[in-house]
Amino acid sequence: MASDTEQTGGDSNLSKAVWHYISVGVLWLGLMLTGLAFERLGLTTSYLTGILPGEVNSLRTQVAELEGNNKDLTHDRDRAAKTRNTLEVEVNKLKRLQRELEAEIDALKAAPAAMVTPSAS
């Protein structure tokens, strides 16, 4: 009878140890999943702001400044592209006009001299 109680006591201790490790594993898994969920939802930035307010605020300032610079550069690039396109259209028009004028000049040079009326008759 004494060996039965010792055996059940040993089994109980083993069972408690197993359940302890399982519960600790489940708790760590739950903490990890909660952390992943907070990160995916973007809730960790509020915690970081409370812990590291100076660093986070300076980084936010730098990000805002860089975004402003990026918008300015993008606007300047788009404006330059529009200006370039407008100038290309104007150049093409002027080249077309130059070809037309050169064609008229060539036609006038080839015109017979008989078409010119003498002034002294």
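Residues numbered from 1 in each chain as written. Predicted model: local features only at pLDDT ≥ 70, side-chain atom pairs only at ≥ 80, totals over all residues. Heavy atoms only, no water.

Report on the overall build of the protein, specifying residues and quantitative values.
Check the secondary structure of the protein and you find three helices and zero strands. When the helices and strands of the protein are listed from N to C terminus, the series reads α-α-α. Out of the 121 residues belonging to the protein, those deemed buried represent 2%. Carbon and sulfur atoms make up 64% of the accessible area of the protein, which amounts to about 11,100 Å² in all. (Helix = DSSP H or I, 4+ residues; strand = E, 2+ residues; numbered from the N terminus. Buried < 20%, exposed > 50% of the residue type's maximum accessible area, 1.4 Å probe, protein only. Areas by Shrake-Rupley, 256 points an atom, 1.4 Å probe, with all protein chains shown as cover.)

Now, about the pattern of salt bridges: what can you tell me, with residues and values included?
Tallying each qualifying case throughout the model produces five salt bridges. As a salt-bridge pair, R79 and D76 come within 2.8 Å of each other at their nearest N and O atoms. Of this pair, R79 and D76 both sit in helix α3 (residues 53-110), three residues apart, which is roughly one turn of that helix. K93 is the salt-bridge partner of E90, the closest N and O atoms lying 4.0 Å from each other. Linking E90 with K93, this pair stays in helix α3, spanning three residues, or about one helical turn. The exposure class of E90 is partly exposed, given its relative accessible area of 38%. (Salt bridge = Lys/Arg side-chain N within 4 Å of Asp/Glu carboxyl O.)

Summarise a nonpolar patch on the surface; cite the residues concerned and give the values.
On the surface, L14, V18, W19, I22 and V26 cluster together into a nonpolar patch covering about 520 Å² of accessible area. By the secondary structure assignment, W19 is in helix α1 (residues 2-41). (Patch = residues over 30% accessible without salt bridge, like charges linked within 9 Å, V, L, I, M, F, W, Y side chains within 5 Å.)

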